[in-house]
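# Structural characterization, general
These are the residues of each chain, in order.
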Amino acid sequence: MKILLYIVISLLLFTLLMLLGLLFIRFKVLVRGKYWDKKAAADIDAFWIRYFLGVRCRVHDIEHIRFTVWFFGIPLPFNLPLSQRDKKTKRQKTAHGSVPETPAEKNTGGIRDGFFEKIGDLQNIKGELSAYWQRYRSYLKKIFVRYITFSIDSLSANIGFAEPSQTGMAAGIAYSIMPNTPLRSFDLQWNYREPNFDLAADTKITMKLYGILCTLICLYRQFKKDQKNEIR
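The residue numbering used here restarts from 1 in each chain and proceeds along that chain's sequence as written. Note on the predicted model: pLDDT of at least 70 is required for a residue's local features to be given, and 80 or more for side-chain atom pairs to be given and counted; whole-chain, interface and lining totals, by contrast, use all residues. As a convention, hydrogens and water are excluded, and side-chain values are obtained from all of the structure's heavy atoms.

Once that is clear, we can look at the overall build of the protein chain. Strands are runs of DSSP state E lasting at least 2 residues, helices are runs of H or I lasting at least 4, and numbering of each runs from the N terminus. Looking only at helices and strands, one finds 5 helices and 10 strands in the protein chain. Split into buried and exposed, the 232 residues of the protein chain put 19% on the buried side. Any two residues having at least one pair of non-hydrogen atoms within 4.5 Å are treated as being in contact. The contacts in the protein chain between residues at least 6 apart in sequence include a share of 51% that link residues at least 24 apart. About 18600 Å² of surface is accessible on the protein chain, with carbon and sulfur atoms providing 62% of the total. Relative accessibility under 20% of the residue-type maximum defines a buried residue, over 50% an exposed one, and the middle range a partly exposed one, all with a 1.4 Å probe and only protein chains included. To be clear on the numbers: accessible area is Shrake-Rupley with a 1.4 Å probe, and residue cover counts the displayed protein chains and nothing else.

And the structure:
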């Protein structure tokens, strides 16, 4: 019995130490997205140590999302289906035989009313959210400035607007901005004949989890302190 208890305690300590160690390893997310010729595809890698501890998500069709989880270098693949199988229509017996059961009409009015109620609730708390943002924005800005970095490694696009003049204006703005961006490679094409939108990009996101956690703890302590002061 003691041996089993020692084993359980050792596993719990190992798990705890591993989680604490992960806080000091940068968490990275690589996103390779593509929408070309009205077809979309995406590969997302989220990991601490690539091919050792992380997960890959691949979406190349509307049928499945394919995942591969690496746990200490062991790949564990599985699929998540997106499309549901067609449900069999029930049949109800009548005097003249069986006919397919007609589905009940959807209560679109209730859904619409509920949607507008939610919009109204958001408008009511808009002032409260703005007050919280003004009070704690320094903490949130610190997270996104110091501990989260975004970079676009490559960008390809074929873009066209309804009016050729709009396409020309967009091209001028883009070419004036591109030299000041850290893009490794970009290929922009402009369609002046018809509206079009094709885009492919590689994006990298890096997070310092220990900094994010420490900032969130400070934010929570300040929030609780402000609540106590308001009660007094």
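On we go.
This brings us to the pairing of strand β1 (residues 27-36). Strands qualify as paired when DSSP identifies two bridges or more between them. Bridge count for β1 against strand β10 (residues 196-207) is 9 bridges, and the pairing is antiparallel. Along β10, the bridge assignment pairs leucine 30 with lysine 204. Sheet topology note: the β1/strand β2 (residues 39-49) ladder contains 9 bridges and is antiparallel. When the bridges of β2 are listed, arginine 32 appears paired with aspartate 43. What sits between the antiparallel neighbours β1 and β2 is a turn of 2 residues, in which aspartate 37 has the positive phi angle 55°.

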